[in-house]
Amino acid sequence: MTPDKSTELLIVATTFASLEDAKKMALQLIEGRLAACVQIQEGMHSIYRWEGKVCEGNEVLLSAKTVADKWIDISNFIKGHHPYDLPEVIAYAPENYDAHYGKWVESEVK
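These numbers come from a predicted model, not from an experiment. (Residues numbered from 1 in each chain as written. Predicted model: local features only at pLDDT ≥ 70, side-chain atom pairs only at ≥ 80, totals over all residues. Heavy atoms only, no water.)

Quick look at the layout of surface pockets
When its volume is computed, the largest pocket comes out at roughly 240 Å³. What lines the largest pocket is simply Thr15, Ser46, Tyr48, Trp50, Glu59, Tyr84, Asp85, Leu86 and Glu88. Sorting elements by how many residues they give to the lining of the largest pocket places strand S2 (residues 37–50) first, with three residues. Here the residues of the lining of the largest pocket are counted per class, giving four nonpolar, two polar and three charged. (1 Å grid on protein atoms, 1.4 Å probe; cavity = no way out; pocket = protein on both sides within 12 Å on 5 of 7 lines; lining within 4 Å. Points joined across faces, edges and corners; volume = space filled by probe spheres on them. Helix = DSSP H or I, 4+ residues; strand = E, 2+ residues; numbered from the N terminus. Nonpolar A, V, L, I, M, F, W, Y, C, P; charged D, E, K, R; others polar.)

Let's talk about helix H2 (residues 71–81)
An α-helix turns once every 3.6 residues. As a result, residues three or four positions apart point the same way. Every buried residue belonging to H2 is among Ile74, Ser75, Phe77 and Ile78, and all of these are buried. Taken end-on, H2 shows its buried residues confined to a sector of 165°, consistent with a single buried face. Turned more than 90 degrees away from the buried face of H2 sit Ile72 and Gly80, all of them exposed. Where H2 is buried, its residues contact strand S1 (9–16), helix H1 (19–31) and strand S3 (53–67). (Buried < 20%, exposed > 50% of the residue type's maximum accessible area, 1.4 Å probe, protein only. Arc of directions from axis to C-beta. Contact = heavy atoms within 4.5 Å.)

A short note on unusual backbone geometry
The phi dihedral of Arg33 falls on the positive side, at around 60°, and the residue is not glycine. With respect to the helices and strands, the residue Arg33 is situated in the loop between H1 and S2. Residue class for Arg33 comes out partly exposed when judged on its relative accessible area of 38%. Despite not being glycine, Glu51 has its phi angle at roughly 50°, a positive value.

Concerning the pairing of S3
When S1 meets S3, the two strands line up antiparallel, connected through eight bridges. What sits directly across from Ile11, in S3, is Lys65. In this structure, S2 lies alongside S3, joined through twelve bridges in antiparallel fashion. Residue pairing in the sheet places Ser46 in a bridge with Gly57 of S3. (Pairing = 2+ DSSP bridges.)

Shown next as structure tokens:
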């Protein structure tokens, strides 16, 4: 763990309809130094209400590792480059994580 709130680890999650869109976003986040690592998981089945009706479909989950200082930048980037009208952009701050890993993430997003 790190005592500095601005460098605390964040895991930012969003979903996509296709693997190709998720990979494109992952590369942009890494190349733009908004994330140190991005993991993509296929095989999610989502059920949700959209514009008054219940929808369901397969989605791909993207999880990006970054630091708290990058929250506004990564959130705005995802919203500005995502194919969905209203993308899910959620950040989780793990309470515990290896300090060396946290320092690596911090160094990759500088």
